[in-house]
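Fold and geometry: a report
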Amino acid sequence: MKKLVTAAYRGEDTVKQVPYGTIKTTDGSVPPGGADAAEINRLNKVQVLNLVWRRQPISRAQIARDSGLSPATVTRVAQSLIHREKLLMDVGKVRSSGGRPPIHVAISENQSLVIGLDVGATQIRGTLVNLRAESQAELAEPTPTNREFLDVMAVVARMIQSLQSHPAAAGRKIHGVGIALAGLVNHQKRLVEFSPDFRWNDADVFAALSPRIKLPISCDNVTRVMAMGELRYGIGRHVENFVCMNLGYGIGAATVDHGRPIYGSRGLAGELGHLCVDTTGRRQCKCGNYGCLEAVASGYAVASDGAALVAKAGRGVLWELCQGKPDRVTAELVAAAAQGGDVGAAEIFNRAAGYIGLGVATMINILNPEAVIIGGGMAQAGSQMYSIIEDSVRKHALERSARGVRIMPAAFGMRATLMGAVALVLDELLNLKGPIGSALL
Ligand SMILES: [Zn+2]
């Protein structure tokens, strides 16, 4: 029987096939606007793109067998994805068992580029990469110290323009820009609804950048994009259910469930940093509440505690590392001092790691992941951090829930959020949706 293809509406890369005449999504609903020819064409392209992403290099004949699409449809779709959308490329002839060798296709590595930016509290990093996330150019600039939204966006725009005009971009198509931002980011509206670290409210990223940047732009919460980076380029290639924790200046979490990130009703899910872990806590969080995980265990909290220790102690390993100047204390210095035998610094570090472990245990109890990925600056602190987290998980997570859960560092270390910004663009391209994916249609 002739087949058409449709998809679950919330996760186009989990495409299922249905017989002709029963065009509907896998949850039984008819897609908005109906399954017209253009939509079916888009879904066919999405199916081919995702097959190629997972199985590349792959022959057209194999795509037809695995997808259920007719060979003629696969040929037509592949031609378009190679020459029009420039997302795939022919990779020549690969030896086969007999007959005429088939020509294989793979994700384009030559024609197509994307830009990713990570807007951190102290530094903004940018990268120009191909669709395999291989770096073509890198940039970094300090975040404006006033953290005013328009000043930060001016730096972001300048960095995008620099990457656009980089020699590596000459003659190649830049599909779009992905931006990782801290706080409650409304991905669909391209709006930062609230960012405690930057003190932004309803900051309109698209309105700020679109007069200067003509490329399609997408943005999302920094930890969710980190999870998307893991999904596309890291552990997600083998694991479908995992949690990413971003332990940096603030603390965030993002969940991937059956291969798709969880957004929540308005796209604001994952604010683990504002889980109350100390109900008697007198330390106010930047969100305004008291006793939040972020207030007691973030890089900011550890640095603040370290600065107080230096001001009081007058000596010790941490005091020496910062030359007696409290304003020079960072979370990294506290971790180094703890490893160097500073008892006070070790207390600060171990207390923070214990709270982080409580956060990990909570995520394991609620979400039943296969793995917990730890990223961000605090994750660089070494094995001591992981042993404290594992100890805390043993104490606080249900034994059955925690059984077999792997707790491991992010695949890309300090580049995890930057790779996430790249993955945000890639996700839209592979699903031909969102501002960047839709621009191709
Ligand atoms: Zn808070």
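Just so it is clear, the structure is predicted and the values come from calculations on it, not from any experiment.

Rules used in this analysis
- Residues numbered from 1 in each chain as written.
- Predicted model: local features only at pLDDT ≥ 70, side-chain atom pairs only at ≥ 80, totals over all residues.
- Heavy atoms only, no water.
- Helix = DSSP H or I, 4+ residues; strand = E, 2+ residues; numbered from the N terminus.
- Buried < 20%, exposed > 50% of the residue type's maximum accessible area, 1.4 Å probe, protein only.
- Areas by Shrake-Rupley, 256 points an atom, 1.4 Å probe, with all protein chains shown as cover.
- Donors = N, O, S within 2.8 Å, 3.2 Å for Na, K, Ca; no water.
- Tetrahedral: all angles 85-135°; square planar, octahedral: opposite > 155°, others 65-115°.
- Core = buried A, V, L, I, M, F, W, Y, C linked by side-chain atoms within 4.5 Å.
- Contact = heavy atoms within 4.5 Å.
- Pairing = 2+ DSSP bridges.
- Axes fitted to C-alpha atoms, helices over the stretch in contact; angles between N-to-C directions.
- pLDDT = per-residue confidence, 0-100.
- Expected span 1.5 Å × (residues − 1).
- Patch = residues over 30% accessible without salt bridge, like charges linked within 9 Å, V, L, I, M, F, W, Y side chains within 5 Å.
- Salt bridge = Lys/Arg side-chain N within 4 Å of Asp/Glu carboxyl O.
- Phe/Tyr/Trp six-rings, centres within 6.5 Å; stacked < 30°, edge-to-face > 60°.

1. Considerations on the overall build of the protein
- Scanning the protein for helices and strands turns up 15 helices and 18 strands.
- Taken across its 441 residues, the protein has 54% of its residues classed as buried.
- Of the roughly 19400 Å² of accessible surface on the protein, 52% is carried by carbon and sulfur atoms.

2. Section: the coordination of the zinc ion
- At this site the zinc ion is bound by H274 (ND1), C285 (SG), C287 (SG) and C292 (SG), with donor distances of 2.0 to 2.4 Å.
- Around the zinc ion sit four donor atoms; with metal-centred angles ranging over 104 to 123°, the donor geometry is tetrahedral.
- Every donor residue of the zinc ion comes from the same chain, spaced as H-x10-C-x1-C-x4-C.

3. Some words on the nonpolar core
- Membership of the largest hydrophobic core comes to 47 residues, with the highest contact counts inside it found for M245, I356, V360, I374 and M385.
- Listed by contribution, the elements that provide at least two residues to this core are strand 14 (242–247), strand 15 (251–257), helix 7 (293–297), helix 8 (299–313), helix 10 (331–339), helix 11 (343–367), strand 17 (371–375) and helix 12 (383–396).
- No other element matches helix 11, which puts 12 residues into this core.
- Those residues within four positions of M385 in sequence are excluded, and the remaining contacts are L247, F349, A353, I356 and M378.
- Residues V74, V77, A180 and I436 belong to the second largest nonpolar core, which totals 39 residues.

4. Focus on the sheet that holds strand 12 (residues 200–204)
- Spatial strand order, 10-11-12: three strands in an open sheet with antiparallel pairing. Of all the strands in the sheet, just strand 10 (184–186) and strand 12 have a single pairing partner and so form its edges. Recorded for the sheet is a direction-independent mean angle of 10° between the axes of neighbouring strands.
- Across three bridges, the pairing between strand 10 and strand 11 (residues 191–195) is antiparallel. Across the sheet, residue L184 finds its bridge partner in strand 11, namely F194.

5. Observations regarding the environment of D202
- In this structure, D202 sits in strand 12.
- Taking relative accessible area as the criterion, D202 reaches 52% and is therefore assigned exposed.
- Between the C-alpha atoms of D202 and V192, which are 10 residues apart in sequence, the distance is 5.3 Å.
- With sequence-adjacent residues up to four places away left out, D202 is seen in contact with L191, V192 and E193.

6. Notes on the confidence of the model for the protein
- Scored by pLDDT, the protein comes out at a mean of 88, with 90% of its residues at no less than 70.
- With pLDDT under 50 throughout, residues 1–30 is counted as low confidence; its partners more than four residues away or in other chains account for 65 contacts.

7. Regarding the pairing of strand 12
- Here strand 11 runs beside strand 12; their pairing, made up of four bridges, is antiparallel. Pairing of S195 across the sheet is with W200, part of strand 12.
- Linking two consecutive strands that pair antiparallel, namely strand 11 and strand 12, is a turn of four residues; a positive phi of about 60° is found at R199 within it.

8. Topic: the sheet that holds strand 18 (residues 406–409)
- Across the sheet, five strands lie side by side as 16-15-14-17-18; this open sheet has mixed pairing. In the strand order of this sheet, the two ends are held by strand 16 (260–261) and strand 18, each with one partner.
- Both strand 15 and strand 16 contribute to a ladder of two bridges, which runs antiparallel. Residue pairing across strands places V256 opposite P261, the latter belonging to strand 16.
- Against the sheet, helix 6 (residues 222–233) engages strand 14, strand 15, strand 16 and strand 17, with an angle of about 130° to strand 14.
- Those strands touched by helix 12 are strand 14, strand 17 and strand 18, and its axis lies near 155° from that of strand 18.

9. As for helix 3 (residues 71–83)
- For helix 3, built from 13 residues, the straight-helix expectation of 18 Å at 1.5 Å per residue is met to within 8% by its first-to-last C-alpha distance of 18 Å.
- Of the residues making up helix 3, those classed as buried are T73, V74, V77, A78, S80, L81 and I82.

10. Things to note about a nonpolar patch on the surface
- A contiguous nonpolar surface patch, about 250 Å² in accessible area, is contributed by I262, I366 and L367.
- For I262, the location among the structural elements is in the loop between strand 16 and helix 7.
- Assessed through its relative accessible area of 33%, I262 is described here as partly exposed.

11. Some details on the packing of aromatic side chains
- This structure, assessed with the given rule, holds four aromatic pairs.
- Ring centres 5.0 Å apart and planes at 80° place the aromatic pair F149 and W200 in the edge-to-face group. Taken together, the residues F149 in helix 4 (residues 149–164) and W200 in strand 12 connect sequence positions 51 residues apart. Each member of the pair, F149 together with W200, is buried.
- Among the aromatic residues, those joined into a ring-pair cluster are F149, F198 and W200.

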